[in-house]
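Overview (structure and organization)
Below are the chains, spelled out letter by letter.
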Amino acid sequence: MKHLQTFRFIEAVSRAGSIRKAADDMNITASALNRRIQRFEEEFGVEIFERLPRGVRLNPAGELLMQHFLMQESDLRRVRSQVADLSGERRGHVTVACSQALIPYFLPARTAAYRRDHPGVTFSVQVRDREDAERDLAEFKSDLALVFEPVHMVDLEVLMRIPQVIHAIMRRDHPLAVKPEVRLRDCLDQPHVIPSRRYGVRAMLDDAAARGSRPLRPIATSDSFEFMRHYVLHENAIAFQIPIGLNMGDCGQLTSRPLALRDVAAGSLVLCQLRGRTLPVASARFGLALSTALEQFSAA
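All residue numbers refer to position in the chain's written sequence, counted from 1. Reporting in this predicted model follows two pLDDT cut-offs: at least 70 for local features of residues, and 80 or more for side-chain atom pairs to be given and counted; totals over whole chains, interfaces and linings ignore these cut-offs and use all residues. Hydrogen atoms and water are omitted, and side-chain values are computed over all heavy atoms in the structure.

1. Overview of a nonpolar patch on the surface
Under the convention used in this document: What goes into a patch is any residue over 30% in relative accessible area without a salt bridge, connected to like charges within 9 Å or, for nonpolar side chains (Val, Leu, Ile, Met, Phe, Trp, Tyr), within 5 Å. The Shrake-Rupley method, run with a 1.4 Å probe sphere, supplies the accessible areas, and residue values consider only the shown protein chains as cover. Take a side-chain nitrogen of Lys or Arg and a carboxyl oxygen of Asp or Glu: if they are within 4 Å of each other, that pair is a salt bridge. A run of H or I in DSSP counts as a helix once it spans at least four residues, and a run of E counts as a strand once it spans at least two, with each numbered from the N terminus. Only protein chains enter the calculation, and the probe is 1.4 Å; a residue is then buried if its accessible area is under 20% of its type maximum, exposed if over 50%, and partly exposed in between.
A cluster of nonpolar side chains, Ile103, Val125 and Val127, forms an exposed patch at the surface whose accessible area comes to about 190 Å². Structurally, the position occupied by Val127 is in strand β4 (residues 121–127). Overall, Val127 belongs to the partly exposed group, its relative accessible area being 40%.

See the structure below:
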């Protein structure tokens, strides 16, 4: 416990890459911060920073120490949450990393519903692509991740997995809007906008196009699904999204149609946490609430 503040100083220096910049960010003098770190290194018995001509960076010993600190901080948050739960306060802080599709509709509704029952719980919700979400879990920056088509999965514990069929988004007056489902080749014959390669939807479209007769020739590529969704209002083009990120009632000029499964198989939306980690009470309970909501969404 006595070293927690020092660890926070070390983390700040590591993030800034400079003792002086970290000191400015924390509103203390660079000399005081440097002395604090040097005293810790003397007590620890090993230097933890590599001094460079233009700053500092953690050496291997420092990286091991920082991982220990992140685990200790996570355990402390869990214990505090358990103590608060014992006293009936139901307090805590939940951190979630999620794909963009969860931001407009699903997560706001689920977060608000949870807070109606547990108003003492606060949230941090960060948009992350699938690799960054997994990295956040590994570095204890997020308790839970809810992402479409995770990449590695080795260190993840899956709490819930539901299928998601990719949908083509189009204007209601688009020629393909009369069909109950659309073929990928027909979509690719039309002007289309697609996400960048960081996203699961793009990975699935790439794989399907490689097997089919039509290449991807997007008129625009974007990291923002909101940009792509709204772009089709201005040009009679096609964008792509998964159902949990769609609510066509919000935009009367748009509609969506599922891509034929013989062209693009359903992908997986995965709720997960770091394998072997015991979550704080609030985060664990919110994970259960999300699992239930996802199951209901899948069954609807």
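What follows picks up the thread again.
2. Regarding the nonpolar core
In plain terms, the rule: Buried Ala, Val, Leu, Ile, Met, Phe, Trp, Tyr and Cys residues form a nonpolar core when they are joined through side-chain atoms within 4.5 Å. Two residues form a contact once any of their heavy atoms are found within 4.5 Å.
Grouped together as the largest cluster of nonpolar side chains are 56 residues, with contacts concentrated most on Leu102, Phe240, Leu259, Phe286 and Leu294. Excluding its chain neighbours within four sequence positions, the residues that come into contact with Leu102 are Leu107, Pro108, Leu146, Ile244 and Leu269. Core analysis: the second largest hydrophobic core is formed by 32 residues, Ala12, Leu58, Ala133 and Phe140 among them.

3. Details of unusual backbone geometry
Of note in the backbone geometry, Asn27 takes a positive phi value of approximately 60° without being a glycine. Its place among the elements puts Asn27 in the loop between α2 (19–26) and α3 (30–44). Take Asn27: its relative accessible area is 71%, and that puts it in the exposed class. In this structure, Glu149 takes a positive phi of about 55° despite not being glycine.

4. Side note on the sheet that holds strand β10 (residues 239–241)
Selection criterion: DSSP-based pairing: two strands are paired if at least 2 bridges between them are found. Fitted lines through C-alpha atoms give the axes, limited to the stretch in contact for helices. The angle between two N-to-C directions lies from 0 to 180 degrees.
If you trace the three strands from one edge of the open sheet to the other, you get β10-β7-β11, paired in antiparallel fashion. Strand pairing shows two members of the sheet lacking a second neighbour, β10 and β11 (254–258), which therefore form its edges. Looking at each pair of strands side by side, their axes are set apart by 35° on average, direction ignored. As defined by bridge partners, strand β7 (residues 167–171) adjoins β11 across five bridges and the pair is classed as antiparallel. If you follow Met170 over to β11, its bridge partner there is Thr255.

5. Let's talk about the packing of helix α5 (residues 106–117) against helix α10 (residues 281–299)
Put simply, the rule reads: Here the word oblique covers every angle except those under 35 degrees (roughly parallel), over 145 (roughly antiparallel) and from 65 to 115 (roughly perpendicular). Note on convention: the crossing is left-handed when the near helix lies turned anticlockwise from the far helix by less than a right angle, right-handed when the turn is clockwise. For this classification, Asp, Glu, Lys and Arg are treated as charged, while Ala, Val, Leu, Ile, Met, Phe, Trp, Tyr, Cys and Pro are nonpolar and the rest, including Gly, are polar.
The contact between α5 and α10 brings their axes to 11 Å, and the two run at 125°. Overall, the two elements α5 and α10 adopt an arrangement that is oblique. For the crossing formed where α5 meets α10, the hand is right-handed. Along its contact with α5, which presents Phe106, Leu107, Arg110, Thr111 and Tyr114, the element α10 presents Ala282, Arg285, Phe286, Ala289, Leu290, Ala293 and Leu294. Split into classes, the residues belonging to the contact of α5 with α10 amount to nine nonpolar, one polar and two charged.

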